[in-house]
Amino acid sequence: MYLERFTFPDAEQEFDFFLEIKRKCYDSFYPFQVLGDKELGTLNFELITVLYGGNGSGKTTALNVIAERLGLERATLYNRTIFFEDYINLCDYQLKDYVTNVSRIITSDDVFDFMLNLRTINNGISVKREDLFEEYLDAKYANFQLKSLDDYEKLKKVNLARSKTQSKFVRKSLMGDVREQSNGESAFMYFADKIKDNGLYLLDEPENSLSPERQQELLKFLEESARFFGCQFIIATHSPFLLSIKGAKIYDLDSRPVVAKKWTELANVKTYYEFFKRYEKEFE
């Protein structure tokens, strides 16, 4: 355990802050007026804590506020206004242990950017691979003679092409290729790479880009990281697979006030259950 509790400003504190603002023509007071009206108050954390809620429930806002207040590392920018600093100064928290430097927030934007970068690299390698096919043919059948030391590099390519098959020539010329993977494999690889031992991790909708099978793999990975490798997780999600994580404390941000619930009590999970129950006979 690293983070024991976190307290957000209530509606009265937000109101007092607004009274101190002289100008009234701001387009947005974000993150004010998002969590205060939900009577969010204080969140008490376990090794795995889940913030559940639909779109617009404020779960991403809560994660960003916690991450900013604790000074956690992050990869991508996020939505913030000139009032963000004022808001986090009204927040309070209590640590049970020192937050290690491997701790970070991981958002769906981080994962998406990683997959785009990986795809760009692989596309670049594919283009280079096609160029090398042509270079192989030119070198293999070239009528080439060494005339000076300046021609030595070209001679090495000619000899390499004549001594190897086309595929071996391309592989050797490319050196190490980046493994091409599906989006789900790439997303899972990102989590496995970024989540180290002994850290506090805030995950914002990690189920994005993951198939149901991959979500269950991530579920097991998170459970084992918390149980055996000294990790604490605060997860914003509405995935029924991640909501079923063993021993997790789940806060329902769709309720007012925000309260802890069992995963089987959540509206999203009930919707899935009722849907499959309706078509139960078709699976028999």
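Being a predicted model, the structure only gives us computed values, none of them experimental. (Residues numbered from 1 in each chain as written. Predicted model: local features only at pLDDT ≥ 70, side-chain atom pairs only at ≥ 80, totals over all residues. Heavy atoms only, no water.)

Quick notes on the nonpolar core
One finds Phe-8, Leu-51, Val-65, Ile-66, Leu-200, Leu-202 and Ile-234 to be the most contacted residues of the largest nonpolar core, which totals 37 residues. Where this core is concerned, the elements lending two or more residues are strand E1 (3-7), helix H1 (11-20), helix H2 (59-70), helix H3 (84-89), strand E6 (200-204) and strand E7 (232-237). For this core, the leading source of residues is H2, giving six residues. In this structure, Leu-200 is in contact with Tyr-2, Leu-3, Leu-70, Leu-72, Val-99, Ser-103, Arg-104, Gln-232 and Ile-234, ignoring residues within four places of it in sequence. (Core = buried A, V, L, I, M, F, W, Y, C linked by side-chain atoms within 4.5 Å. Buried < 20%, exposed > 50% of the residue type's maximum accessible area, 1.4 Å probe, protein only. Helix = DSSP H or I, 4+ residues; strand = E, 2+ residues; numbered from the N terminus. Contact = heavy atoms within 4.5 Å.)

A word on H1
Those residues of H1 that fall on the buried side of the exposure criterion are Glu-14, Phe-17 and Phe-18. Projected down its long axis, H1 carries its buried residues within an arc of 100°, all on one side. In H1, those exposed residues whose orientation departs by more than 90 degrees from the buried face are Glu-12, Phe-15, Leu-19 and Glu-20. On its buried face, H1 sits against H3. The backbone nitrogen of Glu-12 has a side-chain oxygen 3.2 Å away, supplied by the residue at the start of H1, namely Asp-10. (Arc of directions from axis to C-beta. Polar contact = N/O pair within 3.5 Å; in protein donor to acceptor, adjacent residues only side chain to side chain.)

With respect to the packing of aromatic side chains
Under the definition given, this model contains 18 aromatic pairs. When the centroid spacing of 6.5 Å and the interplanar angle of 70° are considered together, the rings of Phe-228 and Phe-229 count as edge-to-face. The partly exposed category is assigned to Phe-229, whose relative accessible area is 41%. Over the ring of Phe-188 we find Arg-214; its NZ or CZ atom is 5.7 Å from the centre of that ring. (Phe/Tyr/Trp six-rings, centres within 6.5 Å; stacked < 30°, edge-to-face > 60°. Lys NZ or Arg CZ within 6 Å of the ring centre and 35° of its normal.)

Examining the sheet that holds strand E4 (residues 92-95)
With respect to topology, three strands assemble into an open sheet ordered E2-E1-E4, the strand pairing being antiparallel. Strands at the two margins of the open sheet, each flanked by one partner only, are strand E2 (42-44) and E4. Looking at each pair of strands side by side, their axes are set apart by 10° on average, direction ignored. Pairing of E1 with E2, which is carried by three bridges, proceeds in the antiparallel orientation. (Pairing = 2+ DSSP bridges. Axes fitted to C-alpha atoms, helices over the stretch in contact; angles between N-to-C directions.)

Overview of a nonpolar patch on the surface
Together, Tyr-272, Phe-275, Phe-276, Tyr-279 and Phe-283 make up an exposed nonpolar region whose accessible area comes to about 530 Å². Considering the arrangement of structural elements, one finds Tyr-272 in helix H10 (residues 267-278). (Patch = residues over 30% accessible without salt bridge, like charges linked within 9 Å, V, L, I, M, F, W, Y side chains within 5 Å. Areas by Shrake-Rupley, 256 points an atom, 1.4 Å probe, with all protein chains shown as cover. Salt bridge = Lys/Arg side-chain N within 4 Å of Asp/Glu carboxyl O.)

Looking at the confidence of the model for the protein
Chain-level pLDDT for the protein is 80 on average; 73% of the residues reach the 70-or-more range. Low confidence marks residues 174-180, where pLDDT is under 50. Its contacts with residues over four positions away, or in another chain, come to 16 contacts. (pLDDT = per-residue confidence, 0-100.)

A look at the sheet that holds strand E5 (residues 104-106)
Taken in spatial order, the six strands of this open sheet run E5-E6-E7-E3-E8-E9, and their pairing is mixed. Lying at the two open borders of the sheet, with one neighbouring strand each, are E5 and strand E9 (259-261). Strand-to-strand, the axes of this sheet are offset by a mean angle of 25°, without reference to chain direction. The pairing of E5 with E6 spans three bridges and is parallel. Residue Ile-106 lies in a different strand from E6, and its bridge partner there is Leu-203.

Considering the pairing of strand E3 (residues 48-52)
When you tally the buried positions in E3, you get five out of five residues, the bulk of the element. Burial along E3 is two-sided: Ile-48, Val-50 and Tyr-52 and Thr-49 and Leu-51, pointing in opposite directions, are all buried. Relative to E7, E3 runs parallel, the two sharing five bridges. Directly across from Val-50, in E7, lies its bridge partner Ile-235. The sheet contact formed by E3 and strand E8 (residues 249-252) spans four bridges and is parallel. By the bridge assignment, Val-50 is partnered in E8 with Ile-250.

Notes on the pattern of salt bridges
This structure, assessed with the given rule, holds six salt bridges. Arg-5 is paired through a salt bridge with Asp-92; the nearest N and O atoms lie 3.6 Å apart. Of this pair, Arg-5 sits in strand E1 while Asp-92 sits in strand E4, placing them 87 residues apart in sequence. Asp-252 is the partner of Lys-261 in a salt bridge, and the nearest nitrogen-oxygen pair spans 2.8 Å. Its relative accessible area of 5% is what places Asp-252 among the buried residues.

A look at unusual backbone geometry
With an omega of 10°, the peptide bond running from Tyr-30 to Pro-31 counts as cis. The omega torsion of the bond from Arg-256 to Pro-257 falls at 0°, within 30 degrees of zero and hence cis. If you trace the backbone, Pro-257 turns up in the loop between E8 and E9. Phi is positive for Glu-39, which is not a glycine, with a value near 55°. With respect to the element layout, Glu-39 can be found in the loop between H1 and E2. By relative accessible area, Glu-39 is classed as partly exposed at 48%. For Glu-205, which is not glycine, the phi torsion reads 45° and is therefore positive. Locating Glu-205 in the fold gives a position in the loop between E6 and helix H8 (212-228).

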